[in-house]
There are 2 protein chains.
Amino acid sequence: MLYGRNAVHEALRARRRPVHQIWATQSTLRSEGWLQSRTVDVVDADELTRLAGTDAHQGVCARADGYPYADAAGFLAAEAPLIVALDEVQDVQNLGAIARTAECAGATGLVIPERRSAEVTPAAAKASAGAVEHLPVARVRNLADFLADAKAAGCWIYGAAGTAEAVPWTTPDYAGGIVLVMGAEGTGLRPRVADSCDALVALPLAGRISSLNVSAAAAALLYEIVRGRTTSA
Amino acid sequence: MLYGRNAVHEALRARRRPVHQIWATQSTLRSEGWLQSRTVDVVDADELTRLAGTDAHQGVCARADGYPYADAAGFLAAEAPLIVALDEVQDVQNLGAIARTAECAGATGLVIPERRSAEVTPAAAKASAGAVEHLPVARVRNLADFLADAKAAGCWIYGAAGTAEAVPWTTPDYAGGIVLVMGAEGTGLRPRVADSCDALVALPLAGRISSLNVSAAAAALLYEIVRGRTTSA
C-alpha cells in the first residue's frame, strides 16, 4: 500500500508497477490536479490511516504491485554508469533520501544487499518523494561480489569512509564508470566491502560532532561526483 | 525534555545549557559509557515514552533548560564567517539535519526567522544528532534585514534556487564571509529574500523528479563551499 502525495503520483507517472486502486480525502482530491483524471475512492483521514497503516499518508494512498527491483547487471551494461551502493544501510528514511538525491544527481541505479538492509518499502518510497519509481534499485546477494563484477566491467569503486586511509573527497576525477559505496549508519563500511574499493574518500569534518548523516554524506559526495564528471566531460 | 542518545550526550558535552535530571533504561545505561559517570534515574521504556512524549527516545531523556539561542550579530563579527540561513523551513527534521551538516562543515552558525519557521525543539535536537548543542543557532525578526546587515558587514549572500536566473553551484568562489540561504520545502525562497541575495545558485537536476530535499541540497552546497574555501585558502 503506497502512501504520500509524491510517492503515489510518481508511481502513476513512472508506470513501472501497476496501481490497482487509489483512495484520497476530499481535500487532497481537490488540491492535487493529477488525481482528478483518475478513479479515486474518497474516504476520510482515519480510513486512510487504517488503509496505509500510518498517519503519514498526506491524504492519499494506493494499492500497487510490490516494488519492481531491477537487475544490477543491467547497471553495468550502461555507458559510464554512476551507481550508488548501500552497505547494510538500515533506515528506510536514509534509503529513501539517498534514492531521491541519486535520482536528482542522474545516477544509473542504486544497489542494496538482499539481507540486513532497508528495503524499498512504502515508507522508503515516501521518503524518496517517489524517486524510487524512476531510479532503478537492485538487490544483490553479496555486495563485495557485485563490486568485483563492477570492477571487471571497468568501473572504479569509491567507498565513503572517515578513516585515515581515505583521500579527500575532491581527489578522484570521477570520470567513467563509478560505484559510490556508502556504509551503514554508525558502523560504516564492512571490512570486506572497504577492501573491494579502489579508493576510500572522506568528507572533512570540521565540527564538534563525529559524523555526518549517511544521506547528507551521500548528497555531498554525489554532487562532487557530478562536478567532477561535468568538468571532465 | 531532551531525548535521544546523541542529543542528550552532546548537551552534556557542550555545556551550553544546564541539564537538571537524566532518565535512562537499564540497558541504555549499560551500553552508553558517558552515562555511567552521571546521576541517572533508571526507568522502563514506557515511562521514558511518557516523559519524552515520544517513543523515539532511544532509551534516554533529560530535563534541560530551553535552547540557548545565540545572537546573529555575533556571527557577523567572526572572521570570514560561513553562515547558513533558513527561510521559513518548516520541518524540524530538516532543521536538525541541516544543523548537523552545517556543524560538520564548520559553519559559524545557523540563522532562522522568529516566525513561520521550525524551531530548535527536542525533535530538532535529536534530528541534528546533538549538533545544535555546539552550532550556535540564532533567531532574527526579519531575515531580509539580517541579510542586509550581513552584506553591510562584508558577506556575500548566496541563495539556493532552482530558477533560471541561478548560476551553477560551482561558479562562485565562496571565499571570505558567506551566507548560504536555503528556502522552504516546496516553495523555496520568498521573493524579498531572493532579492537580498548577491547570487542565486542551483544544483543540476538530472532526474525525473522535480527537486532535492532541502537538507540534501544544503549538504551538497555546503561541501561545495568547503571545497571552494579550501582551494582558495
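Residues numbered from 1 in each chain as written. Chains lettered and ligands numbered in written order. Predicted model: local features only at pLDDT ≥ 70, side-chain atom pairs only at ≥ 80, totals over all residues. Heavy atoms only, no water.

1. Considerations on the state of the cysteines
Think of a disulfide as a covalent bridge from one cysteine sulfur atom to another cysteine sulfur atom.
Inference 1: What the rule picks out here adds up to 0 disulfides over all chains.
Inference 2: Not part of a disulfide, Cys197 of chain A finds its nearest cysteine sulfur in Cys155 of chain A, a span of 12 Å. (Disulfide = S-S within 2.5 Å.)

2. What to know about the packing of aromatic side chains
Inference 1: Under the counting rule described, the total for this entry stands at 6 aromatic pairs over all chains.
Inference 2: An angle of 80° between the planes, with centres 5.0 Å apart, marks the rings of Tyr67 of chain A and Tyr69 of chain A as edge-to-face.
Inference 3: A ring pair is formed by Tyr223 of chain A and Trp169 of chain B, whose centres lie 6.0 Å apart and whose planes are at 85°; its orientation type is edge-to-face. Separated into two different chains, Tyr223 of chain A in helix H9 (residues 214-232) and Trp169 of chain B in the loop between strand S9 (167-168) and strand S10 (178-182) make up a pair that spans both. Accessibility classification places Tyr223 of chain A together with Trp169 of chain B in one group, the buried group. (Phe/Tyr/Trp six-rings, centres within 6.5 Å; stacked < 30°, edge-to-face > 60°. Helix = DSSP H or I, 4+ residues; strand = E, 2+ residues; numbered from the N terminus. Buried < 20%, exposed > 50% of the residue type's maximum accessible area, 1.4 Å probe, protein only.)

3. Here's the deal with the environment of Asp41 of chain B
Residues and elements named next belong to chain B.
Inference 1: Tracing the backbone through its elements, the reader meets Asp41 in strand S3 (residues 41-42).
Inference 2: The partly exposed category is assigned to Asp41, whose relative accessible area is 31%.
Inference 3: Ignoring anything within four residues of it in the chain, the contact list for Asp41 reads Gln21, Ile22, Trp23 and Ala24.
Inference 4: In this structure the side chain of Asp41 is engaged in a polar contact, spanning 2.7 Å, whose partner is the side chain of Gln21. (Contact = heavy atoms within 4.5 Å. Polar contact = N/O pair within 3.5 Å; in protein donor to acceptor, adjacent residues only side chain to side chain.)

4. Regarding the domain arrangement of chain A
All names here are of chain A.
Inference 1: Domain annotation of chain A identifies domain 1 (2-64) and domain 2 (72-232).
Inference 2: Between the C-alpha centres of domain 1 and domain 2 there is a distance of 30 Å.
Inference 3: Taken together, the contacts link 13 residues of domain 1 with 11 residues of domain 2.
Inference 4: With both chains or domains summed, domain 1 and domain 2 bury close to 980 Å², and 56% of this area falls on carbon and sulfur atoms. (Domains from an automatic or database assignment. Buried area = accessible area lost by both parts, 1.4 Å probe.)

5. Some points on unusual backbone geometry
All names here are of chain B.
Inference 1: The phi dihedral of Arg15 falls on the positive side, at around 55°, and the residue is not glycine.
Inference 2: Relative to the assigned elements, Arg15 resides in the loop between helix H1 (5-14) and strand S2 (19-24).
Inference 3: Note on Arg15: relative accessible area 73%, which makes it exposed.
Inference 4: Of note, Ala129 is a non-glycine position whose phi angle comes to about 55°, a positive value.
Inference 5: Among the structural elements, Ala129 can be located in the loop between helix H6 (122-127) and strand S7 (137-140).
Inference 6: The buried category is assigned to Ala129, whose relative accessible area is 9%.

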